[in-house]
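Below, each chain spelled out in residue letters.
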Amino acid sequence: MIPRVIMSGIRPTGTGAAHLGHWEGALKSWVKLQDMGECFYSIVDWHALTTEYQDVKNIQGNVRQVLLDMLSVGIDPEKSVVYLQSAVKEISELFLLLGMMTPLGWLERVPTFKEQQAQLSDRDINTFGFLGYPLLQTVDIVIMKADTVPVGEDQVFHLELAREIVRRFNGLYGDCFPEPQPFLTPIPKLPGVDGRKMSKSYGNAIYLSDAASVVEEKIKPMVTDVRRKRRSDPGVPEDCPAFALHQAYSKAEEIAMVASECRRAGIGCLDCKKILINNINAFLDPFRQRRRRYEKMAVADILETGNRRAAARARETIARVRALMNV
Ligand code: SF4
């Protein structure tokens, strides 16, 4: 299917900042999709509340960080509609209306519902808002009349729910929403500097906004293959998290050289990491340059323009929904 209208969102949680894992898993395809259709990219601050409603002080500061991250990687506000979810009030109206016809069982069986409740056991997320967040995601998509949603494999179920809700709505009241299709993005196994999956919550991430010196400080002490205790010990690159990053950010000939030299202890880990540091910094440099440019601009105005464009689309949709639902 050729994408016509594309929608995706990013949560302004944690420190707000996006890392290399976010780039590989989402932002990279967002940039690509800009040339394939009309894109709506939302900073979903209401979604942040579903898990962080008890600690809200950083949300708006994070919104600016996320916005700068999006702009720095090449999301172009001339091409894409970049907006803040909470600025489009029609989303809450459609959330209420679709909530009337969404069976409770559909929400309860979303696999991440129970998983996340178990994972985030330090927080009380036994709330109506948390149960409803897959419906809120559905609303984000359908209110823009999106037919394409870039998702990782783990999000496909949410999209299936959105498709079921669309079918139910269209069946009950008449044709209104397209059934959104997934645009599958591979979920990379990008390790953080401690060897676990790169994640904000593990404190092991390389952020898109990290200065070159910060990248160096993080990678130099990064864990490597445990076999290489001494410089003369040969290693197995496949067991080294630094090598996994080489595979993502180094040239083919460098990857081949590092692999063979590691195996015969021909290169020390520090020298190997220097190559990696240079390559990651070269990769991040265009992002840093764009970020510096945007930091000098009134990015709030960019968001304001996006908010207006998104609200205009949402108003059209809600008018049609209200006519069909007779309210
Ligand atoms: S030489 Fe490179 S790939 Fe091999 S263990 Fe050291 S850091 Fe990892």
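Owing to the predicted nature of the structure, the values given are computational and were not obtained by experimental measurement.

1. Looking at the domain arrangement of the chain
Part 1: With domains assigned, the chain is organised as domain 1 (5–190 + 298–325) and domain 2 (210–289).
Part 2: Each of domain 1 and domain 2 has a C-alpha centre, and these two points are 36 Å apart.
Part 3: Between domain 1 and domain 2, a total of about 580 Å² is buried, with carbon and sulfur atoms accounting for 73% of that surface.
Part 4: Of all residues in domain 1, Leu-20, Ser-72 and Leu-190 give up the largest surface area on contact with domain 2, accounting jointly for 64% of the area buried on that side.
Part 5: Put simply, domain 1 and domain 2 have zero salt bridges between them.

2. Let's talk about the packing of aromatic side chains
Part 1: One pass over the full model with this rule turns up nine aromatic pairs.
Part 2: Between Tyr-249 and Phe-283, the aromatic rings sit 4.9 Å apart at their centres with planes inclined by 50 degrees, giving tilted as the arrangement. Placement of the pair is Tyr-249 in helix H11 (residues 241–249) and Phe-283 in helix H13 (residues 269–295), with a sequence separation of 34 residues.
Part 3: Given a relative accessible area of 10%, Tyr-249 falls into the buried group.
Part 4: Linked through ring pairs, Trp-23, Tyr-249, Phe-283 and Phe-287 together constitute an aromatic cluster.
Part 5: Over the ring of Trp-106 we find Arg-168, and its NZ or CZ is 5.7 Å from the ring centre.
Part 6: The lysine or arginine in question, Arg-196, covers the ring of Tyr-202, its NZ or CZ lying 4.0 Å from the ring centre.

3. A look at the packing of H11 against helix H12 (residues 252–263)
Part 1: Two numbers describe how H11 lies on H12: the axes approach to 9 Å, and their chain directions differ by 160 degrees. Considering the angle they form, H11 stands roughly antiparallel to H12. The handedness of the crossing between H11 and H12 is left-handed. For the pair formed by H11 and H12, the contact residues are Phe-243, His-246 and Gln-247 on the first element and Ile-255, Val-258 and Ala-259 on the second.
Part 2: The class makeup of the residues in the contact of H11 with H12 is four nonpolar, two polar and no charged.

4. Concerning helix H9 (residues 156–173)
Each full turn of the α-helix corresponds to 3.6 residues, which orients residues three or four apart in the same direction.
Part 1: Its 18 residues give H9 an end-to-end C-alpha distance of 26 Å, which sits within 8% of 26 Å, the value for a rise of 1.5 Å per residue.
Part 2: Along H9, the residues classified as buried are His-158, Leu-159, Leu-161, Ala-162, Arg-163, Glu-164, Ile-165, Val-166, Phe-169 and Asn-170.

5. Side note on the site of the ligand
Part 1: Taken together, Thr-224, Asp-225, Arg-228, Cys-240, Ala-242, Phe-243, Val-258, Cys-262, Cys-269 and Cys-272 make up all the residues around the ligand.
Part 2: Elements with a contribution of two residues or more to the shell around the ligand: H11, H12 and H13.

6. Things to note about the nonpolar core
Part 1: One finds Leu-20, Ile-43, Met-70, Ile-206, Leu-208 and Ile-280 to be the most contacted residues of the largest nonpolar core, which totals 52 residues.
Part 2: Element by element, the count of residues in this core is highest for H13, at eight residues.
Part 3: Residue contributions to this core reach at least three from each of two domains, namely domain 1 (5–190 + 298–325) and domain 2 (210–289).
Part 4: In contact with Ile-43, not counting residues within four places along its chain, are Ile-10, Pro-12, Val-63, Val-66, Leu-67, Met-70, Tyr-83, Leu-84, Gln-85 and Leu-303.
Part 5: Ranked by size, the runner-up nonpolar core spans 39 residues in total, among them Val-81, Ile-91, Leu-131 and Val-321.

7. Some words on the side chain of Ser-250
Part 1: With respect to the helices, strands and loops of the structure, Ser-250 is situated in the loop between H11 and H12.
Part 2: Given a relative accessible area of 12%, Ser-250 falls into the buried group.
Part 3: Only 2.8 Å separates the side chain of Ser-250 from the side chain of Asn-279, close enough to count as a polar contact.

The rules behind each value
Residues numbered from 1 in each chain as written. Predicted model: local features only at pLDDT ≥ 70, side-chain atom pairs only at ≥ 80, totals over all residues. Heavy atoms only, no water. Domains from an automatic or database assignment. Buried area = accessible area lost by both parts, 1.4 Å probe. Salt bridge = Lys/Arg side-chain N within 4 Å of Asp/Glu carboxyl O. Phe/Tyr/Trp six-rings, centres within 6.5 Å; stacked < 30°, edge-to-face > 60°. Helix = DSSP H or I, 4+ residues; strand = E, 2+ residues; numbered from the N terminus. Buried < 20%, exposed > 50% of the residue type's maximum accessible area, 1.4 Å probe, protein only. Lys NZ or Arg CZ within 6 Å of the ring centre and 35° of its normal. Axes fitted to C-alpha atoms, helices over the stretch in contact; angles between N-to-C directions. Parallel < 35°, antiparallel > 145°, perpendicular 65-115°, else oblique. Left-handed = near helix turned anticlockwise from the far one by under 90°. Contact = heavy atoms within 4.5 Å. Nonpolar A, V, L, I, M, F, W, Y, C, P; charged D, E, K, R; others polar. Expected span 1.5 Å × (residues − 1). Near = heavy atom within 4 Å. Core = buried A, V, L, I, M, F, W, Y, C linked by side-chain atoms within 4.5 Å. Polar contact = N/O pair within 3.5 Å; in protein donor to acceptor, adjacent residues only side chain to side chain.

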